[in-house]
Amino acid sequence: MNPIWLVRMSQWVRHPPPMWKVLLALAVIAACIALFLVERFVGWPDWLTTNGKTHLRVH
């Protein structure tokens, strides 16, 4: 662990971020977890799947 991270953490303890930033970060994490769980248990929709040709030919 880089010592600069310890300095950064001590600054966060002394001057914590505003509550709206904390809630925004938690909302983004919750949205990511929800998308992961939907994809894991429901599956990936066919309309979001490509046709399978991903190779590009350069002439």
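For clarity, every value in this text was computed on a predicted model and none was experimentally measured.

(A) Structural context of the overall build of the chain. For the chain, the count of helices and strands is two helices and zero strands. A burial count over the chain gives 0% of its 59 residues as buried. For the chain, the computed accessible surface area is about 6300 Å², with 69% contributed by carbon and sulfur atoms.

(B) View of a nonpolar patch on the surface. Judged by side-chain polarity, Met-19, Val-22, Leu-23, Leu-26, Ile-29, Ile-33, Phe-36, Leu-37, Val-38, Phe-41 and Val-42 come together as a nonpolar surface patch covering roughly 1100 Å² of accessible area. Looking at the secondary structure, you find Leu-23 in helix H2 (residues 19–41). Note on Leu-23: relative accessible area 48%, which makes it partly exposed.

(C) Quick peek at the packing of aromatic side chains. Under the criterion given, the structure shown has zero aromatic pairs. The lysine or arginine in question, Arg-8, covers the ring of Trp-5, its NZ or CZ lying 4.7 Å from the ring centre.

(D) Focus on H2. Between its terminal C-alpha atoms H2 stretches 33 Å, which fits the 33 Å expected from 23 residues at 1.5 Å a residue. Directly beyond the C-terminal end of H2, a positive phi value near 115° is found at Gly-43.

What counts and how
- Residues numbered from 1 in each chain as written.
- Predicted model: local features only at pLDDT ≥ 70, side-chain atom pairs only at ≥ 80, totals over all residues.
- Heavy atoms only, no water.
- Helix = DSSP H or I, 4+ residues; strand = E, 2+ residues; numbered from the N terminus.
- Buried < 20%, exposed > 50% of the residue type's maximum accessible area, 1.4 Å probe, protein only.
- Areas by Shrake-Rupley, 256 points an atom, 1.4 Å probe, with all protein chains shown as cover.
- Patch = residues over 30% accessible without salt bridge, like charges linked within 9 Å, V, L, I, M, F, W, Y side chains within 5 Å.
- Salt bridge = Lys/Arg side-chain N within 4 Å of Asp/Glu carboxyl O.
- Phe/Tyr/Trp six-rings, centres within 6.5 Å; stacked < 30°, edge-to-face > 60°.
- Lys NZ or Arg CZ within 6 Å of the ring centre and 35° of its normal.
- Expected span 1.5 Å × (residues − 1).

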